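In case you want the letters, here they are:
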Amino acid sequence: MTFSGLQPPQQTLPASSNNGSPNERPYNSGSQRIDGAEMGRSIPSLALGTKLRPGHAVTGELSSAGFHNNETLSPEVSEAPPSWGLERRLGHLATLEAESIFILREAAAEFSRPVMLYSIGKDSSVMLRLAQKAFYPGKIPFPLLHIDTSYKFPEMIEFRDSYTREIGAELIVHQNREALEQGANPFVLGTQRCCGLLKTKALLDALAAGGFNAAFGGARRDEEKSRAKERIYSFRDSQGQWDPKNQRPELWNLFNSRIEKSESIRVFPLSNWTELDVWLYIHAENIPIVPLYYARERQAVVRNGSIVLIYSPDELLPGEKVQWIKCRMRSLGCVPCTGAIRSEADTVPKIIEEMISFRRSERENRAIDHDEEGSMELKKREGYF
Amino acid sequence: MLTIAPAVRSESLAAFLKADLRKDLLRFTTAGSVDDGKSTLIGRLLHDAKAVYEDQVVSVQKSKINRSGGAFDFSLLTDGLRAEREQGITIDVAYRYFSTARRKFIIADTPGHEQYTRNMATGASTADLAIILVDATKGLLTQTHRHAYIASLLGIPWVLAAINKMDLVDYREDVFLRLQRDFLSLASQLGVPSVQCIPISALAGDNVVSASENMPWYAGPTLLEHLETVDFRQTHALDAVRFPIQYVIRPDFRFRGFAGQLASGSLRSGDALVALPSGQETRVKAIVGFDGNWEQTFAPQSITVQLENEIDLSRGDMLVSPSNLPAVSRSFSATVVWLHADPLLCGKPLLLKQTTRLVKARIPRILHRVNVNTLEHEPAERLEMNGIAEVEVETNQPLFLDPYTTSRATGSFILLDPLSNATVGAGMVRETYIADDASPEERDSASVEAELREVAAQERHRRHGHKPGVVLLGNRIGLAKSLERALFHAGFEVVVVNGSGVDSPVLAGFLTSLYAAGLLVVCANLSLHPEALTGIPRETIFDQASLTGTVNSDTETNETQVIRDALNFAEKLRLAPELQAGQKGSVK
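Residues numbered from 1 in each chain as written. Chains lettered and ligands numbered in written order. Predicted model: local features only at pLDDT ≥ 70, side-chain atom pairs only at ≥ 80, totals over all residues. Heavy atoms only, no water.

For chain B, the count of helices and strands is 17 helices and 29 strands. In chain B, once contacts between residues fewer than 6 apart in sequence are set aside, the share between residues at least 24 apart is 72%. Carbon and sulfur atoms form 50% of the exposed surface of chain B, whose accessible area is close to 23,500 Å². (Helix = DSSP H or I, 4+ residues; strand = E, 2+ residues; numbered from the N terminus. Contact = heavy atoms within 4.5 Å. Areas by Shrake-Rupley, 256 points an atom, 1.4 Å probe, with all protein chains shown as cover.)

Dropping the structure here:
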């Protein structure tokens, strides 16, 4: 939140509410605004809105701070004036932030109808914050689009509605109603076909309906092998399809935005971020996230080796019994296809700690990537995000 | 064998977070051929640096493919797409991410065989460092020359030569020393500023992450140690401000902010700047940020700037240091890498994107092609895919340029095909201006016939990119000079005539001649009226007296306004871009 030396003197260090438990974390309440646009103008103290709890790190090491400059604002260095000259360089998060904001502005300037694919997950939350920063003090100059499969976690929908309202973003929600009315679900169709109808087709329909010719997505190259070669501006033909052998070369930060009417570009501002970068940024920027990311006791069953959250008895398969499991989601998808992990991590720093000791990649808990070897690449060719 | 757990548990979490936020980011590219063991090296690096997840390792163990000859095929950790797996080669640029306790890394993994020069150029364009693999059993090959050349061409300041497969030459020091000598000689020939040679075995793991016991004679860093410690900041980076305007933020009438990524230099509030192409001077009022205003910012931060005065500025324009201006040029030389299957043909209409500016362009001639294997210069009429050549470039609008060796951000451009929309070329600016000293025949022998005919007015217009015009400024000769500069910056062929004391009929005749030459004429003379210019259409004459009615008021108060009005007038004389694209001959 603070960038020592780069900030005016009146800038103060906001409390890191990430240290609080998720239940107390007011992601959609007014007091959160101390972290956002209202903070930082001239509010001189932490007393406005943030409760100090015992052990709450305000100036201590856990406070989020200082990724814009190699010299972070910590008690031992904050008194010394920053020195410029040869020491000017950005930390890795500040470098990524600058690059992402450049990409967001570039696409917003060059395309007539951009839209941001908003999945409600942690990556979307980071992308949304970057968009707020890119166009501040203006509003985000494009709508957000959520493809709602109807199988999303209720906490996600609740978060989506309250948070987008809070920041004043325009939100479009789209469903493939036709398929849903015919009862599309992953149990009968399999994940591949279910995703094809409720996500890929719904997405392509929504893009066509809105006349959108550029769509921002929060995908990262480190997520999965087929994404490692994805461009930042990813060209899609008139069917919305991706051809890995026919991607435009991308040199420096000079992006080619020229397309014909029926074609479109997917733009990935977070291409160069890793999962750890995303969490560090959420920590450093105090970005609100869906509470499902925090560990707590939840009603669930263990199905085919993964933990599936249960919201109503109808969801139980024959012979299953609900139990209370302390768990959290590592990535957010649809309820039937996204497993939870056993975890004690109920704060962002604890999530980061857990993550860096993880031995498994984040999408491993998603059924869709494992249907067949290279299945993500197949989905992408068809137009999946 | 495969234990994967970053060694951060021993530290406290708080210390880890604090340290992690301080890390910087090194981007490097890797070049090598299918047989050099490049994928194996990257797989080994990621694996030994504990940057691979367990499920990824299991998936490689379960894979039916193992080309390595060892127990574990490290190259499968990085190969991604189906087509590649089927062919057993990496066919595109793949980006990999890992971090150590000291630094974060982005690897642009690119293939090294001949037909994929364009991919290596892509990976190199954003890299701070290049790893070039040399097979110790084979020595420096033509592809090694090509890789080193492309690395130097794309301005990568650091090159690391990994002398691989040392296990196959019995870890002999003399083999390493010979290859090191060869490589250093190549690097100095290419002007690579900094080189490090390291003897390794990617397959056996020698000197990749941990020091080799098989090569006690080698005292230098391991490959990872070098990556973690190299000071990759460009020591001679451009200090001057280059701030290409990307987006104008205007939420309401009270706020107007200019957003973009600072390409070079640093900015603080109060700093003086010059706006291009207008040449207008301004100062930074504030650098606005989401978390509060910034006192100072520096490249490559993305920022939003408020200026003290209202000036004309939009996307594609640039704010720069008054003491160090870029070239404002429509004709320059560059090295071009051709990226498309359809070859580069001289004179063909193209689009050019440089910073945030998109203009029409063409390549009037290829100076020479570079043979990437021998580095020899060859004459060429066209340039095929993966070809590299030095060319002349002309644009219909001025660009704000620095040589690529001075500034990657303002010295680089891409070329697009206006019909297919494909990205067809990438260029690096060499000379920011081309002196027009050659005769038309020398420039374009094909057009000799056309040159014999009388030059038509339209030909002049196409060459200049605008129709002629006259600006009458009363007796304000000082203003005329500022206006000349502004118009010149904006790409007009402009000339100033100090007409004080010259009789109106004489002056009118002189101005008409200059007009006939296709020029934009700025004239200072108290008594000359537009009516005296009988041969010149009234709509191509700008008379400031008719606008302000204050011919004699040589005050500064309305100077900015007059310059702005005159610039607006001149813009109407500019030809539509499609009329300029077919122009012949060079542009001064």
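Burial within helix 5 (residues 117–125) of chain B is extensive, with 9 of its 9 residues counted as buried. The set of residues buried in helix 5 of chain B consists of Thr117(B), Arg118(B), Asn119(B), Met120(B), Ala121(B), Thr122(B), Gly123(B), Ala124(B) and Ser125(B). (Buried < 20%, exposed > 50% of the residue type's maximum accessible area, 1.4 Å probe, protein only.)

Residues and elements named next belong to chain B. Within strand 28 (residues 520–524), 5 of the 5 residues are buried, which leaves the element mostly enclosed by the surrounding structure. Every second residue of strand 28 is oriented toward a common face, with Leu520, Val522 and Ala524 on one face and Val521 and Cys523 on the other, all of them buried. As paired strands, strand 26 (residues 469–472) and strand 28 are joined by 4 bridges and run parallel to one another. Within strand 28, the residue paired with Val471 across the bridge is Val522. (Pairing = 2+ DSSP bridges.)

What follows concerns the sheet that holds strand 15 (residues 318–320) of chain B. Sheet architecture is open: 7 strands sit in the order 7-15-11-12-14-9-8 (chain B), paired in antiparallel fashion. Strand pairing shows two members of the sheet lacking a second neighbour, strand 7 (242–244) and strand 8 (247–252) of chain B, which therefore form its edges. Taking each pair of neighbouring strands and ignoring which way they run, the sheet shows an average axis angle of 40 degrees. For strand 11 (residues 272–276) of chain B and strand 12 (residues 281–288) of chain B, the ladder comprises 3 bridges, and the chain directions are antiparallel. From the neighbouring strand, Leu273(B) faces strand 12 of chain B, where its bridge partner is Thr282(B). Sitting on the sheet, helix 1 (residues 92–110) of chain A touches strand 8, strand 9 (255–261) and strand 14 (302–307) of chain B, and the angle it makes with strand 14 of chain B is about 65 degrees. (Axes fitted to C-alpha atoms, helices over the stretch in contact; angles between N-to-C directions.)

Glancing now at the packing of aromatic side chains. Considering all chains together, one arrives at 18 aromatic pairs over all chains under this definition. Ring centres 5.7 Å apart and planes at 35 degrees place the aromatic pair Phe176(B) and Trp217(B) in the tilted group. Here Trp217(B) lies in the loop between strand 6 (194–199) and helix 8 (223–229) and Phe176(B) lies in helix 7 (residues 173–190), a separation of 41 residues in the sequence. For Phe176(B), a relative accessible area of 4% gives the class buried. Geometrically, the ring pair formed by Phe176(B) and Tyr218(B) is edge-to-face, given 6.0 Å between the ring centres and 80 degrees between the ring planes. Note that Phe176(B) is positioned in helix 7 and Tyr218(B) in the loop between strand 6 and helix 8, a separation of 42 residues in sequence. Among the aromatic residues, those joined into a ring-pair cluster are Phe102(A), Phe111(A), Tyr233(A) and Phe255(A). In this arrangement the basic side chain of Arg221(A) is found over the ring face of Tyr95(B), its NZ or CZ atom lying 3.9 Å from the centre. Geometry around Phe253(B) places Arg254(B) over its ring, the cationic atom sitting 5.6 Å from the centre. (Phe/Tyr/Trp six-rings, centres within 6.5 Å; stacked < 30°, edge-to-face > 60°. Lys NZ or Arg CZ within 6 Å of the ring centre and 35° of its normal.)

Attention now goes to helix 6 (residues 275–285) of chain A. All names here are of chain A. For helix 6, the buried fraction is high: 11 of the 11 residues fall into the buried class. Along helix 6, the residues classified as buried are Glu275, Leu276, Asp277, Val278, Trp279, Leu280, Tyr281, Ile282, His283, Ala284 and Glu285. With its phi angle positive at about 55 degrees, Asn286 sits one or two positions after the end of helix 6.

All names here are of chain B. It is the contact of helix 6 (residues 142–153) with helix 7, at a shortest axis distance of 10 Å, that shows an interaxial angle of 40 degrees. One way to sum up the angle between helix 6 and helix 7 is to call them oblique. In the crossing of helix 6 with helix 7, the sense of the turn from one axis to the other is right-handed. Where helix 6 approaches helix 7, its residues Thr144, His145, Ala148, Tyr149 and Ser152 are matched on the opposing element by Phe183, Leu186 and Leu190. Considering only residue class, the contact of helix 6 with helix 7 consists of 5 nonpolar, 3 polar and no charged. (Parallel < 35°, antiparallel > 145°, perpendicular 65-115°, else oblique. Left-handed = near helix turned anticlockwise from the far one by under 90°. Nonpolar A, V, L, I, M, F, W, Y, C, P; charged D, E, K, R; others polar.)

A word on the sheet that holds strand 29 (residues 541–543) of chain B. All names here are of chain B. Reading across from one edge, 27-28-26-29 is the order of the 4 strands in this open sheet, with parallel pairing throughout. If you trace the sheet from one side to the other, it starts and ends with strand 27 (494–498) and strand 29, each paired once. Neighbour to neighbour, the strand axes of the sheet diverge by 15 degrees on average, direction disregarded. Against the sheet, helix 13 (residues 477–489) engages strand 26, strand 27 and strand 28, with an angle of about 170 degrees to strand 27.

With that settled, the discussion passes to the side chain of His466(B). Along the chain, His466(B) turns up in the loop between helix 12 (457–464) and strand 26. Beyond its immediate stretch of four places on either side in the chain, His466(B) contacts His461(B), Gly491(B), Phe492(B), Glu493(B), Gly518(B), Leu520(B), Leu573(B), Arg574(B) and Leu575(B).

Within the largest apolar cluster, 85 residues are counted, with the highest numbers of intra-cluster contacts made by Met116(A), Val126(A), Phe142(A), Trp273(A) and Trp279(A). For this core, the leading source of residues is helix 1 of chain A, giving 8 residues. Not counting chain neighbours up to four residues away, the residues in contact with Phe142(A) comprise Leu104(A), Ala108(A), Pro114(A), Val115(A), Met116(A), Ala131(A), Phe135(A) and Phe216(A). Within the second largest apolar cluster, 74 residues are counted, among which are Ala121(B), Met215(B), Leu351(B) and Val372(B). (Core = buried A, V, L, I, M, F, W, Y, C linked by side-chain atoms within 4.5 Å.)

Once that is clear, we can look at the environment of Phe255(B). Relative to the helices and strands, Phe255(B) is located in strand 9. Sequence separation of Phe255(B) and Gln306(B) is 51 residues, and the distance between their C-alpha atoms is 8.1 Å. Sequence-distant contacts of Phe255(B), defined by excluding residues within four places in its chain, comprise Pro137(A), Ile249(B), Arg250(B), Val288(B) and Gln306(B).

It is worth spelling out empty space enclosed by the protein at this point. One pass over the full model with this rule turns up 11 cavities of 30 Å³ or more. In this structure, the second largest cavity occupies an estimated 190 Å³ of space. Along the walls of the second largest cavity sit 17 residues, with Ile101(A), Lys133(A), Gly289(B), Trp294(B) and Ser302(B) positioned nearest its centre. When contributions to the lining of the second largest cavity are tallied by element, the ones reaching two or more residues are helix 1 of chain A together with strand 14 of chain B. Among the elements that line the lining of the second largest cavity, the one with the most residues is helix 1 of chain A, at 5 residues. Looking at side-chain class alone, the lining of the second largest cavity contains 8 nonpolar, 5 polar and 4 charged residues. (1 Å grid on protein atoms, 1.4 Å probe; cavity = no way out; pocket = protein on both sides within 12 Å on 5 of 7 lines; lining within 4 Å. Points joined across faces, edges and corners; volume = space filled by probe spheres on them.)

Take the packing of helix 7 (residues 348–356) of chain A against helix 1 (residues 13–22) of chain B next. One way to put it is that helix 7 of chain A packs onto helix 1 of chain B with a least axis distance of 11 Å and a crossing angle of 85 degrees. Regarding the angle of helix 7 of chain A to helix 1 of chain B, the classification is roughly perpendicular. For the pair helix 7 of chain A and helix 1 of chain B, contact is made by Pro349(A), Lys350(A), Ile352(A), Glu353(A) and Ile356(A) and by Leu13(B), Phe16(B) and Leu17(B), respectively. For the contact of helix 7 of chain A with helix 1 of chain B, the class distribution of residues is 6 nonpolar, no polar and 2 charged.

According to the stated counting rule, one finds 44 salt bridges over all chains in the structure shown. The salt bridge involving Lys122(A) is made with Asp123(A); its shortest N-O contact spans 3.7 Å. Comparing Lys122(A) with Asp123(A) shows no difference in burial state: the two are buried. Ionic pairing is found between Arg256(B) and Glu310(B), a salt bridge with its closest N-O pair at 3.5 Å. Highlighted residues: Arg256(B) in strand 9 and Glu310(B) in the loop between strand 14 and strand 15, separated in sequence by 54 residues. Owing to a relative accessible area of 16%, Arg256(B) belongs among the buried residues under this scheme. Glu310(B) sits in the exposed class, given a relative accessible area of 54%. Through salt bridges that share partners, Glu97(A), Arg129(A), Lys133(A), Glu285(A) and Asp291(B) make up one connected network. (Salt bridge = Lys/Arg side-chain N within 4 Å of Asp/Glu carboxyl O.)

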